Amino acid sequence: MGYALDAAFGDPRRFHPVAGFGQAATALERRLYAPRRRAGAAFTAAAVGVPVLAGAGVAALTRRHPVARAALVATATWAVLGGRTLRREAAVMAGHLEHRDVVAARGRLNHLCGRDPSALDAPELARATVESVAENTSDAVVAPLLWGALAGLPGLLGYRAANTLDAMVGHRSTRYARFGAPAARLDDALNLLPSRLTGALTVAAAPLVGGRVGEALRVWRRDRNDHPSPNAGQCEAATAGALGVRLGGRNVYFGRTESRPFLGDGPRPSAVHVRGAARLSGAVGTAAVLLAAGAALARSRAGGLFGARSGGGAR
């Protein structure tokens, strides 16, 4: 139900709970900030711990009220997912590139990533978009679904809190080099499994964009560990192989430059590959929600079986 709500409506335009969490985290940061890892660890524990505890409390209160529990889980799932918005932004970018409106495309890039677009040409704008769609398919779709399947409401809320903190303080700026490190490491740990699942599902979906599973698998296995992130490379390498393009290269952020290894063997991406990345993202999301629903059902049945056996023993 939550996935269907996201697919139909996307992110709420007003009063988004994730935006509210970001404001609360900013206020907490002002109180706890110090350029030390210990301060960052306390900040991360508090900012992630409160949503997890809130989710656990609500789950306990609705244990015997399945309709209320279902409504809450669906609403929370809708709030933490970002699949439709991600695909919509990719479509807008593809439209600008198809009309050769580089100025408009540069102005739109910050909706997807934090790179400096001022000097990017059309292929580099397309590359940035494809890479962002690939990585965020894991961050904004697969990972929250997986953690929701494994841990219910606490998993949904805790994962989104951790991922939002990483976006806020997890980058390597002068201010956050130490303070943001705990948030970045937590996000890395929580995405280890989802990013690899995203890569595998992307490889399987390659024929939907004219690719071959075997080629996508070859590129994924060869290049996925070349990326400096332990997780982004999984998604980007699989997408490069599925689309038949080459990702990676020089990324310019505001105030710093990073050089990334090349992923894939094809040409630089174009608007058609941006649209292909969006189709891959949609297919991966659909497969992920089916897997997540199955995993949640299995967890529920296992819990019921364990409870029945425990009750039988007590009698």
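About the criteria used
- Residues numbered from 1 in each chain as written.
- Predicted model: local features only at pLDDT ≥ 70, side-chain atom pairs only at ≥ 80, totals over all residues.
- Heavy atoms only, no water.
- Phe/Tyr/Trp six-rings, centres within 6.5 Å; stacked < 30°, edge-to-face > 60°.
- Lys NZ or Arg CZ within 6 Å of the ring centre and 35° of its normal.
- Axes fitted to C-alpha atoms, helices over the stretch in contact; angles between N-to-C directions.
- Helix = DSSP H or I, 4+ residues; strand = E, 2+ residues; numbered from the N terminus.
- Parallel < 35°, antiparallel > 145°, perpendicular 65-115°, else oblique.
- Left-handed = near helix turned anticlockwise from the far one by under 90°.
- Contact = heavy atoms within 4.5 Å.
- Polar contact = N/O pair within 3.5 Å; in protein donor to acceptor, adjacent residues only side chain to side chain.
- Salt bridge = Lys/Arg side-chain N within 4 Å of Asp/Glu carboxyl O.
- pLDDT = per-residue confidence, 0-100.
- Buried < 20%, exposed > 50% of the residue type's maximum accessible area, 1.4 Å probe, protein only.
- Pairing = 2+ DSSP bridges.
- Core = buried A, V, L, I, M, F, W, Y, C linked by side-chain atoms within 4.5 Å.
- Nonpolar A, V, L, I, M, F, W, Y, C, P; charged D, E, K, R; others polar.

A. Broad picture of the packing of aromatic side chains. Across all of its chains, the model carries four aromatic pairs by this definition. Joined through ring pairs, the aromatic side chains of Tyr-33, Phe-43, Tyr-176 and Phe-179 make up one cluster. The ring of Tyr-33 has Arg-175 sitting right over it, with the charged end atom 3.8 Å from the ring centre. In this structure, Arg-246 packs its charged tip against the face of Phe-262, placed 4.0 Å from the ring centre.

B. Spatial organisation of the packing of helix H4 (residues 66-80) against helix H7 (residues 122-169). For the pair H4 and H7, the least separation of the axes is 10 Å and the interaxial angle reads 135°. When the axes of H4 and H7 are compared, the pair comes out oblique. Handedness of the H4/H7 crossing: right-handed. Mapping the contact onto sequence places Leu-72, Val-73, Ala-76, Thr-77 and Val-80 in H4 and Ala-140, Pro-144, Leu-145, Leu-153, Leu-156, Leu-157 and Arg-160 in H7.

C. Region of interest: the side chain of Glu-131. Looking at where Glu-131 falls in the secondary structure, it is placed in helix H7. At 2.4 Å, the side chain of Glu-131 forms a polar contact with the side chain of Arg-115. When sequence neighbours within four positions are dropped, the list of residues in contact with Glu-131 reads Arg-115, Glu-236, Leu-247, Gly-248 and Asn-251.

D. Summary view of the pattern of salt bridges. Tallied over the entire structure, the rule returns 14 salt bridges. The salt bridge partner of Asp-265 is Arg-222, with a shortest N-O separation of 2.8 Å. You can see Asp-265 sitting in the loop between strand E2 (256-263) and helix H12 (271-314) and its partner Arg-222 sitting in helix H10 (residues 213-223), a full 43 residues away along the chain. Counted as one network, the salt bridges with shared partners bring together Arg-115, Asp-121, Glu-124, Arg-127, Glu-131 and Arg-268.

E. The confidence of the model for the protein chain, seen in detail. Summary statistics for the protein chain give a mean pLDDT of 92 and a share of 95% for residues scoring 70 or more. Of all helices and strands in the protein chain, the one with the weakest mean pLDDT is H12 (83), whereas helix H9 (residues 192-204) scores best (98).

F. Region of interest: the pairing of strand E1 (residues 247-253). Among the seven residues that make up E1, five are buried, leaving the element largely enclosed by the rest of the structure. Here six bridges tie E1 to E2, and the two strands are oriented antiparallel to one another. Across the sheet, residue Leu-247 finds its bridge partner in E2, namely Leu-263.

G. Looking closely at helix H8 (residues 181-190). Burial within H8 is extensive, with seven of its ten residues counted as buried. On the buried face of H8, the contacting elements are helix H3 (37-61), H7 and H9.

H. Focus on the nonpolar core. With 34 residues, the main nonpolar core has Leu-97, Leu-109, Leu-243 and Val-274 as its most contacted residues. Looking at this core, the elements that each hand over two or more residues are helix H5 (83-98), H7, H10, helix H11 (232-243) and H12. Not counting residues up to four positions away in its chain, the partners in contact with Leu-243 are Val-130, Val-209, His-273, Gly-276, Ala-277 and Leu-280. Ranked by size, the runner-up nonpolar core spans 17 residues in total, among them Ala-25, Ala-47, Tyr-159 and Leu-165.

I. The side chain of Thr-129, seen in detail. Take Thr-129: it is sitting in helix H7. Given the relative accessible area of 0%, Thr-129 is considered buried. Apart from residues lying up to four places away in sequence, Thr-129 is in contact with Ala-90, Met-93, Leu-109, Leu-112 and Val-274.

J. Fine view of the environment of Thr-129. Along the backbone, Thr-129 and Arg-260 are 131 residues apart, and their C-alpha atoms lie at a distance of 15 Å. A distance of 2.8 Å separates the side chain of Thr-129 from the backbone oxygen of Leu-125, its partner in a polar contact.

K. A look at unusual backbone geometry. Backbone geometry at Arg-100 places phi at a positive 60°, although glycine is not the residue there. Mapping Arg-100 onto the fold places it in the loop between H5 and helix H6 (102-108). A relative accessible area of 77% places Arg-100 in the exposed class.

L. Region of the structure containing the packing of H9 against H11. At a minimum axis distance of 8 Å, the contact between H9 and H11 shows a crossing angle of 5°. It follows that H9 is roughly parallel to H11 by the angle criterion. Here Ser-195, Arg-196, Thr-198, Gly-199, Thr-202 and Val-203 of H9 come into contact with H11, specifically with Gln-234, Cys-235, Ala-238, Thr-239 and Ala-242. Within the contact of H9 with H11, the residues separate by chemical class into four nonpolar, six polar and one charged.

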